[in-house]
Amino acid sequence: MAVRAVRGAVQLERDEAGHMDEQVGALLTAILERNQIVADDLISVWFTATPDLHSDFPAAAARGLGIVDVPLICAQELDITGAMPRVVRILAHVETYLSKAEISHVYLGATGALRKDIAQ
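In the nomenclature of an unreviewed UniProt entry, the chain corresponds to chorismate mutase from the organism Streptomyces clavifer. Taken verbatim from the UniProt record of the chain, the Catalytic activity (unreviewed entry) comment is "chorismate = prephenate".

Student: Teacher, can you tell me more about the sheet that holds strand S1 (residues 2–11) here?
Tutor: Strands belonging to one sheet form pairs held by backbone hydrogen bonds; the direction of such a pair is parallel or antiparallel. Pairing in this open sheet of five strands is mixed, and the strands run S3-S2-S4-S1-S5 from one edge to the other. The strands lining the two open edges of the sheet, one partner per strand, are strand S3 (72–76) and strand S5 (106–107). As defined by bridge partners, S1 adjoins S5 across two bridges and the pair is classed as parallel. Its bridge partner lying in S5, Ala9 is registered against Tyr107. On the sheet, helix H1 (residues 17–34) packs against S1, strand S2 (42–49), strand S4 (87–96) and S5 and is oriented at approximately 145° with respect to S1.

Rules and cut-offs
- Residue indices begin from 1 for each chain and proceed along its sequence in written order.
- A pLDDT threshold of at least 70 governs which residues receive local features in this predicted model, and a stricter bar of 80 or more applies before side-chain atom pairs are shown or counted, although totals over entire chains, interfaces and linings include all residues.
- For the side-chain quantities, the full set of heavy atoms in the structure was used; hydrogens and water were omitted.
- UniProt positions are given in the numbering used here, feature names are shortened, and annotations may be inferred rather than shown by experiment.
- Between any two strands, pairing holds if DSSP finds at least two bridges.
- Only runs of H or I of at least four residues qualify as helices and only runs of E of at least two qualify as strands under DSSP, and these elements are numbered from the N terminus.
- We call two residues in contact when some of their heavy atoms are within 4.5 Å.
- Fitted lines through C-alpha atoms serve as axes, helices being fitted only where they are in contact, and the angles separating the N-to-C directions of these axes extend from 0 to 180 degrees.

This is the structure:
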């Protein structure tokens, strides 16, 4: 078994706590499912949000999914002119038997344009 990093992102339609919880929960669920990961495989998860998101902590969505014994942290993305607005990104460190090439990075909706090289 190896330690791997899995990336993902989702763009919110609006800055509302319930919407953030729904969208970030969907992103995290997709990351887990596509990589055959269960909560016990998670080592830690970083969440970042663009500076225009203020309604809630993205990590709250993980807690809502029952991920309660994994270290989670939220941070703010750099405020870059022209960057895609209302985006939450995830960097999850996991234990897995998948090789680096087999990891499925999940970019939902318009965020697929952020990393065309690894988005699946």
